[in-house]
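# Chains, contacts and geometry: an overview
Each chain, letter by letter, is given below.
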Amino acid sequence: MSFKSAVITFPGSNCDRDALCYLQDLTKGFVYNIWHEEASLPQVDLVILPGGFSFGDYLRSGAMASKSKIINDVIKHANNDRYLLGICNGFQILTEIGLLEGALIQNKNLKFLGKNCFIKKKFKNNFNSSIKEDQVLQIPVAHNEGNFYCDNETLKSLNNNEQIAFEYCKGEFSNSEENINGSIEAIAGITNKKKNILGMMPHPERAYSDFHQSQDGKLIIESLIS
Amino acid sequence: MNEELILQHGLTLDEFKIIKNYLNRDLTIEELGIFSAMWNEHCCYKTSKKWLKKLPTENEIVIQGPGENAGIIDIQDNDGIAFKIESHNHPSYIEPFNGSATGVGGILRDIFTMGARPIATLDSIRFGLIESEKTKYLLNGVVHGIGHYGNCIGIPNIGGECEFESTYDFNNLVNAMAVGHVQKDKIFYSKPKSIGGLIVYIGSKTGKDGIHGASMASDVFSEDDEDDKRPSVQVGDPFMEKLLMEGCLELMSSGLIESMQDMGAAGITSSSVEMASKGNVGVFINLDKVPLRQPLSAYEILLSESQERMLAVIDEKNNLKVKEILQKWQIDYEIIGEITNNKRVVFESNNKKVVDLPVDIIVDDAPEYDREFYMPRKRKGKDFDFSNIKLEDIINTLLSNLNYLDKSWVFNQYDSTVMGDTVKEPGQSSGIVKIHGTQKVIGATTDCNPLYIRINPYEGMKYTVAESYRNLIACNINPLAITNNLNFASPLDPNIMGELVLSIDGLKTAAVKFNTPIVSGNVSLYNQTNEIPIKPTPVIGMVGFNQDLKKINSNKFCNIGNKILVLGKQLEKKFSPYLLQDQNLASNINEYNDLEELDLDYEKKIANCVLEMSDLKYIMSCNDISRGGVFLSLLKMQYKDMGFKVNIPDPINLFCEYSAGYVIEIRNEDLDNVTSFLSKNAVGHFEIGEIIKENIVINSKKFDYFDIINNYHSNFENIIN
C-alpha cells in the first residue's frame, strides 16, 4: 500500500513546493497539494503544514492560518491518529490551533536566523525512530519566531509525557551556539501526547537531496514509512 | 508656468523650452510631472546614455538585452535566465529598513514581470565607517530590510558583498540583484500586441508613498488640506508581493496576458509610457478608475511610487478568467484604459484630459548630454617601506577590519535555502542554485573594487569584472553575462564624469574579452553629500552556468595532506592597493602607484585551465585571490579541523593582490600531472604548502589556529556591536 500525503498551501506559504518535492521524492507515493480554502482533505497518511509567512504573519505567526477553512479537516485528520507535521510556520500554526502546546516567540537575538543548525532527538516517537540516540542531525533553520516558550507546568508535562522530539545541540567543528534561538530547554520540536503530531522549527525538506549540505532530513520520512 | 515650479521638477529651463516649443502650448501641471519623472537621470539616463551605448549587449546566448524589465540569457533546452541589479541608495539612507526592502521588492518585480520565477537574490551594500552610530543604524536597518522582504516572499539570498569605507558615510549604497528562471517560449515583454487591448491595473492600491517631492506636490496641488506629508520613501509589503507574484505567474502561464510592465520608479506614468513606446502605439488611461488607498489628485496618482503594482494588457475576451485568478490570490484588479493607435499618452481625470502628449517627445526626444570629463592625472611611481611591517601585525589588522571578516552576521539574517535548490550559500566564492527539476546550475556574484577604480578607472574596472569572473571560475561555473549598477557621485564634476566614462570603457573591454555581454543595468548618480563624493562604485553582477551540478568545485578544504597550489600573477607589494590602504601605508589617494595593466588574455587562459582541471577532477577545492591575498583566500577555505602550512620567501607577499589568482587544492598523486599541465599551458603557479590538522604554519612559524579561526568568524559581530 503506498503512502499518501498532502501539503496545505496558505497565501504566503513559501515552502509548500519544497515540502511537495520532499514527500514525492522520499515517499514515492501520491502527494496532494491542498489550497487553504478547500473544505475537505482527501484521506492521507501524512499532512504537512509548510513553512512560510501565512497571511503575511501580520497578526501573530500562524494566527490567521489557524482559522482557515481547511483547518477543520486537518484537526479531524489528526484526531483519526494520522500523522500531521508542521514545519516552521507550520509549527507556529499548530500551536495557534492548539494541537500543540506552548508558543513560538521571537528569537532571543531579535533577528531572523537563517543558517544550519544541529539537533538530536530527545524522546523517541514515530517521527524519529530511525534516528540513533545521540546522533547529531544538520538541518537548516530560517525563522524569526522560533524561540519555543511554555510555562513550567507545561514543560514538566512535555517531559513527563516524552513529547520533546528534538533539541538543539552543538555540531562538530561548529562554533555555533548550542541553543540557537533561546528556546526553553533548547526545544526544537515537540509532539502532542499521542505523538502523531510533530511541530519543528528546522526544515528537513531542505536537507534530503544529494546536493544539499546534509541529507539528515530524510530520516524523518524514513522513520514514518519504515 | 513659473520658473521655480519648473526647477522644482528637476527640469532645466532649456529642457522646458524644448518641450514647450514642441507642443506649442502651455503644459498642464500633470504633464510637467510626467516630464519631471521621465526626463530625470533615473528614467532616461541622460548623462550616461552616450557611453552605455558602447557596451557589448549581444551574443549568441542573449535573448533580451538592456531596455526591458530585465535581461535574459539562454541556458539551453527551453530554459532562460532573467536577471538584473538595481540601486535603492537614497531611500535606504533616509529609511534603511523600508528603503532596502522595497529595493528587493522592485527588483523581484522586474524579474517576474517577464514571466520568470525568481530563484535567487544577491546584494551589494556599502556603508561608512562603523565607528559612527549612524552607520550601525544603517547597517542594521538595511540588512533587516533586505532579509525581511526576501525571507517573507521566499526567494533565497545566495550572496553579495558588504564593504565599509569613509566616503559612504553619508551615502550608503544598496544594490539588489535578482535572478529568475523562465521558459524560453513563455517570456513576456512590455510591448503590447494589439490595438484595443485592455490596460489592467493589478496589485496594491495607490497611495501617497514615493511621490517625488511629496511636500511640494501636496502643498500646491493636494485637494486634501489635512495632508500628512508622508515620507517619499515607499513602504513595502512582501506578503502582497508574494500574492502578486503567484497571481501574475499564473496569469502568464495560463496565456491570459499579452504584455506586462511593473510600476516601479515614476509608477503609472513610466509604465504606461514604456508600453506605448515599446509597442509604437498610444495609451488611454482613466485615472478615476485607479484603485486608491486615499483621495489623491491626478498629479499624485501619476507620480505615486506605491509598491506591489503591475500594469498588464489583456484581450477583452479573457477578462473574466483574469478576474477569477486574481480573486483567488486576493489581488485588486481594475480595467483602467486601453491601447490606442494614435501614439499619444492620454490620461483623463474627472472627464477632463489632464495629459495629452505624443509618446515621441517623452521618450525619443528625452535629453542626452555629452558632459565634460577629465582624464585622470598620470601617477608618479612611489616606493613604500615595508620593513616595519610584521607578519603578526598584518594578520591582526586583517582580523580587526570588517572588510576581511566572515560576514555571517549579515547573511544569517537571510533565508538562503528556501526553495530547496541552493547549492552554495553566501560567504563562498559565488552563490549557486540549481534549476528546479534539472541538474543544471546557475552561479552568480556581485563585485566592485572602488579603490582600484578611483586609482585608475579603466584598469580598475577591468579588475572588477575579472574578480567576478574569477569568483565563478573558482566554482567551475562558466561565466555568461553581466548586469551592472553604476554608482557615482555628481557627473557635473568632470573628474567624476571621467571616472564614469573610463570605467564604462574598462567594462566594455573586459566584457568583450570574456564574451560576457551586459544585458541589464542601472545607473545611480549624484551620490555625494557635503562635497564628499563616494568612491566610484560600478558594481558588477555576473551570472554563469554549468550543465552538471556534480562538477561544481568546493571552495572549502577537503582533506588533510592535500597540496595547495597558487596560480596566477601576484601584484608587487607597492602595486597592491588594498594592502597599502589597509596597512595604512598610503594615506591619500594621490600616493598610490598606478595599477598594473591587467592582461585579460592571461586571465582568460588561466580561467580555462581551472575549468579544465575541474572537469578532470584534479581540483579538490578552489578559491580566487582578491583583497587580502593568498592568506585570506586560505582562511576562507578553512573547514572543519583543517588548517594549512605554507612556505614563501617573503611572507608579506601572502597579502598581496593578484591578477588571475587562484588557490587550488589537489591530491598528492595528481601533483605531477597538474604541474606539467600548468607548465605546458604557461600558467604561472607554485606549490605553496599543504593542508594540515588544526594548525596554521607560515615558514615554520606556528600561529594560534583557534584564535585566528574564531576571530575570523566572530569579530564582525564583535565589532559592529
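The numbering scheme is per chain: residues are counted from 1 as the chain's sequence reads. Ligands are numbered from 1 and chains lettered from A, in the order in which they are written. At least 70 in pLDDT is required for a residue's local features to be given in this predicted model, at least 80 for side-chain atom pairs to be given and counted, and no such filter applies to totals for whole chains, interfaces and linings, which use all residues. Remark: hydrogens and water are excluded; side-chain values derive from all non-hydrogen atoms of the structure.

### Considering the domain arrangement of chain B
All names here are of chain B. Condition: Throughout, the edges of the domains are those of an automatic or database domain assignment. Put simply, buried area is the surface a 1.4 Å probe can reach on two separate parts but cannot reach once they are joined, added for both. We count a salt bridge whenever a side-chain nitrogen from Lys or Arg sits within 4 Å of a carboxyl oxygen from Asp or Glu. N or O atoms closer than or at 3.5 Å make up a polar contact, with two conditions inside protein: a donor-capable atom paired with an acceptor-capable one, and, for residues adjacent in sequence, both atoms drawn from side chains. In this text, helices come from DSSP runs of H or I with a minimum length of four residues, and strands from runs of E with a minimum of two, each type numbered from the N-terminal end.
The domain architecture assigned to chain B consists of domain 1 (89–183 + 375–720) and domain 2 (196–340). Distance between the C-alpha centres of domain 1 and domain 2: 38 Å. Summing the contributions of domain 1 and of domain 2, the shared interface buries around 1,800 Å²; its carbon and sulfur component is 63%. Area buried by domain 1 at its contact with domain 2 is led by Arg-109, Phe-112 and Thr-113, which between them contribute 36% of it. The tally of links from domain 1 across to domain 2 stands at 3 salt bridges. Salt-bridge contacts for Glu-241 lead to Arg-109; the nearest nitrogen and oxygen are separated by 2.6 Å. Taken together, the connections running from domain 1 to domain 2 amount to 6 residue pairs in polar contact (both at pLDDT 80 or more). Going through the elements one at a time, α6 (89–94), α7 (96–112), β4 (117–127) and α8 (133–153) are the ones with two or more residues in the side of domain 1 that touches domain 2. Here the side of domain 1 that touches domain 2 takes 9 residues from α7, the largest share from any one element.

### Quick word on the sheet that holds strand β6 (residues 113–121) of chain A
Residues and elements named next belong to chain A. Just so we agree on the cut-off: Note on pairing: two strands pair once DSSP finds at least 2 bridges between them. Where helices are involved, their axes are fitted lines through C-alpha atoms of the stretch in contact, as for all axes, and angles between N-to-C directions lie from 0 to 180°. We call two residues in contact when some of their heavy atoms are within 4.5 Å.
Ordered in space as β2-β1-β3-β4-β11-β10-β9-β6-β7, the 9 strands form an open sheet in which the pairing is mixed. The outermost strands of the open sheet, each flanked by one partner alone, are β2 (31–35) and β7 (137–143). Between one strand axis and the next, the sheet turns through 25° on average, direction left out of account. Bridge analysis of strand β3 (residues 46–49) against strand β4 (residues 83–87) gives 4 bridges, and the strand direction is parallel. Bridge pairing in β4 places Leu-49 opposite Gly-86. Contacts from helix α2 (residues 71–79) reach β1 (5–9), β3, β4 and β11 (197–200), with the element oriented near 125° to β4.

### Looking at the pairing of strand β25 (residues 658–666) of chain B
All names here are of chain B. Definition in use: Note on exposure labels: buried denotes an accessible area under 20% of the residue type's maximum, exposed denotes more than 50%, and partly exposed covers the range between, all computed with a 1.4 Å probe on protein chains only.
A large share of β25 lies buried, amounting to 9 of its 9 residues. Looking at chain direction, strand β23 (residues 621–624) and β25 are connected through 4 bridges and run antiparallel. Considered in β25, the bridge of Asp-624 is made with Tyr-662.

### Remarks on helix α19 (residues 494–514) of chain B
Helical periodicity: at 3.6 residues per turn, an α-helix aligns residues three or four positions apart in one direction. Residues and elements named next belong to chain B. This is how it is decided: Take the number of residues in a helix, subtract one, and multiply by 1.5 Å to get its expected span.
The terminal C-alpha atoms of α19, which comprises 21 residues, lie 30 Å apart, in line with the 30 Å expected from a rise of 1.5 Å per residue. Most of α19 sits out of view: 15 of its 21 residues are buried. With a side-chain oxygen lying 2.8 Å from the backbone nitrogen of Asn-495, the N-terminal cap of α19 falls on Asp-493. Of the residues flanking the end of α19, it is Asn-515, one or two places downstream, whose phi is positive at about 55°.

### Topic: the packing of helix α21 (residues 600–615) of chain B against helix α23 (residues 671–680) of chain B
Residue and element names in this part refer to chain B. Using the following cut-off: Oblique is the label for every angle not falling under 35 degrees (roughly parallel), over 145 degrees (roughly antiparallel), or within 65 to 115 degrees (roughly perpendicular). Each helix crossing is assigned a hand: it is left-handed if the near helix lies turned anticlockwise from the far helix by less than a right angle, otherwise right-handed if that turn is clockwise. Only Asp, Glu, Lys and Arg are considered charged in this grouping, and only Ala, Val, Leu, Ile, Met, Phe, Trp, Tyr, Cys and Pro are considered nonpolar; every other residue, Gly among them, is considered polar.
Contact pair α21 / α23: the axes reach a minimum separation of 11 Å and the direction vectors enclose 150°. Put simply, α21 runs roughly antiparallel to α23. The handedness of the crossing between α21 and α23 comes out as right-handed. Of the residues in α23, those in contact with Cys-609, Glu-612 and Met-613 of α21 are Val-674, Phe-677 and Leu-678. Classifying every residue of the contact of α21 with α23 gives 5 nonpolar, no polar and 1 charged.

### Here we look at the pairing of strand β15 (residues 431–434) of chain B
All names here are of chain B. Judged by which residues are buried, β15 turns out to be covered on both faces: Gly-431 and Val-433 on one side and Ile-432 and Lys-434 on the other are all buried. Pairing of strand β14 (residues 422–424) with β15, which is carried by 2 bridges, proceeds in the antiparallel orientation. When the bridges of β15 are listed, Lys-424 appears paired with Ile-432. The hairpin turn running from β14 into β15, its antiparallel successor, is 6 residues long, and Gly-427 in that turn takes a positive phi close to 100°. Linking β15 to strand β16 (residues 441–447), which pair antiparallel, is a turn of 6 residues; within it Gly-437 sits at a positive phi near 80°.

### A short note on the interface of chain A and chain B
Many descriptions give the size of an interface as the accessible area lost when the pieces come together. Listed as interface residues are 28 residues of chain A and, on the opposing side, 35 residues of chain B. Contact between chain A and chain B buries roughly 2,600 Å² in total, counting both sides, with carbon and sulfur atoms accounting for 57%. Its largest share of buried area at the contact with chain B, chain A owes to Arg17(A), Phe173(A) and Phe211(A), together 24% of the area lost on that side. If you look at where chain A meets chain B, you find 3 salt bridges. Across the pair Lys550(B) and Asp210(A) runs a salt bridge, and its minimum N-O distance is 3.9 Å. On inspection of chain A and its partner chain B, the count reaches 14 residue pairs in polar contact (both at pLDDT 80 or more). If you list the elements that add at least two residues to the side of chain A that touches chain B, you get α1 (16–27), β6 and β7 of chain A. Counting residues per element, the side of chain A that touches chain B draws most heavily on β6(A), which supplies 4 residues. Residues that form the side of chain A that touches chain B fall into these classes: 13 nonpolar, 9 polar and 6 charged.

### Let's talk about the pattern of salt bridges
Residue and element names in this part refer to chain B. Evaluated as defined, the whole model comprises 47 salt bridges over all chains. Among the ionic pairs, Lys-84 bridges to Asp-110, the shortest N-O distance being 3.9 Å. Remark: Asp-110 occurs in helix α7 and Lys-84 occurs in strand β3 (residues 79–87); sequence separation between them is 26 residues. Both residues of the pair, Lys-84 and Asp-110, belong to the buried class. The shortest N-O distance in the salt bridge between Glu-133 and Lys-136 comes to 3.7 Å. In this pair, Glu-133 and Lys-136 both sit in helix α8, 3 residues apart, roughly one turn of the helix.

### Focus: the packing of α1(A) against helix α5 (residues 218–225) of chain A
All names here are of chain A. Two elements in contact, α1 and α5, have axes whose closest approach is 10 Å; the angle formed by their N-to-C orientations is 55°. Classified by the angle between their axes, α1 and α5 sit oblique to one another. For the pair α1 and α5, the sense of crossing is right-handed. Residues Tyr-22, Leu-23, Leu-26 and Thr-27 of α1 form the contact with α5, whose own contacting residues are Lys-218, Ile-220, Ile-221 and Ile-225. The residue makeup of the contact of α1 with α5, split by class, is 6 nonpolar, 1 polar and 1 charged.

### Thoughts on the packing of aromatic side chains
As a reminder of what qualifies: Aromatic pairing here means that ring centres of Phe, Tyr or Trp (its six-membered ring) are within 6.5 Å. Orientation follows from the plane angle: under 30 degrees is stacked, over 60 is edge-to-face, and everything else is tilted. A ring has a charge above it when a Lys NZ or an Arg CZ is no more than 6 Å from the ring centre and no more than 35 degrees off the ring normal.
Scanning the entire structure with this criterion turns up 17 aromatic pairs over all chains. Arranged with centres 6.0 Å apart and planes meeting at 55°, the rings of Phe164(B) and Phe716(B) form a pair that is tilted. Placement of the pair is Phe164(B) in strand β5 (residues 157–164) and Phe716(B) in helix α24 (residues 705–720), with a sequence separation of 552 residues. Note on accessibility: Phe164(B) and Phe716(B) belong to one class, buried. Through pairs of rings, three or more aromatic residues link up here, namely Phe127(B), Phe164(B), Trp409(B) and Phe716(B). Directly above the ring of Trp51(B) sits Lys50(B), whose terminal nitrogen or CZ lies 5.0 Å from the centroid. Of note, Lys328(B) hangs over the ring of Trp35(A), and the distance from its end group to the ring centre comes to 5.0 Å.

### Notes on the state of the cysteines
Every disulfide links exactly two cysteines, by a covalent bond between their sulfur atoms. Inclusion rule: Count a disulfide wherever a pair of cysteine sulfur atoms falls within 2.5 Å.
Within this structure, the stated rule accounts for 0 disulfides over all chains. Not engaged in a disulfide, the cysteine Cys117(A) finds its nearest cysteine sulfur in Cys169(A); these two sulfurs lie 8.2 Å apart. Cys117(A) sits in the buried class, given a relative accessible area of 1%. Of all cysteine sulfurs in the structure, the one in Cys43(B) sits closest to Cys44(B), which takes part in no disulfide; the separation is 7.6 Å.

### Observations concerning the sheet that holds strand β9 (residues 282–286) of chain B
All names here are of chain B. The strand order β8-β10-β7-β11-β9-β12-β13 describes an open sheet built from 7 strands, whose pairing is mixed. The open sheet has two edge strands, β8 (259–262) and β13 (352–358), and neither has a second partner. Adjacent strand axes in the sheet meet at a mean angle of 20° when their direction is disregarded. Sitting on the sheet, helix α3 (residues 29–38) touches β12 (344–349) and β13, and the angle it makes with β13 is about 40°. Here helix α10 (residues 238–253) sits on the sheet in contact with β7 (198–203), β8 and β10 (309–314), set at roughly 145° to β7.

### Observations concerning the nonpolar core
The condition is simple: Take the buried residues of types Ala, Val, Leu, Ile, Met, Phe, Trp, Tyr and Cys, join any two whose side-chain atoms come within 4.5 Å, and each joined set is a nonpolar core.
Membership of the largest hydrophobic core comes to 265 residues, with the highest contact counts inside it found for Phe166(A), Ile81(B), Val179(B) and Ile202(B). Here this core spans two domains, and each of domain 1 (89–183 + 375–720) and domain 2 (196–340) of chain B adds at least three residues to it. Core analysis: the next-biggest nonpolar cluster, separate from the first, contains 48 residues, Met263(B), Met275(B), Ile339(B) and Val359(B) among them.

### Looking at unusual backbone geometry
Even without being a glycine, Asp57(A) presents a positive backbone phi close to 50°. Residue placement: Asp57(A) occurs in the loop between β3 and α2.

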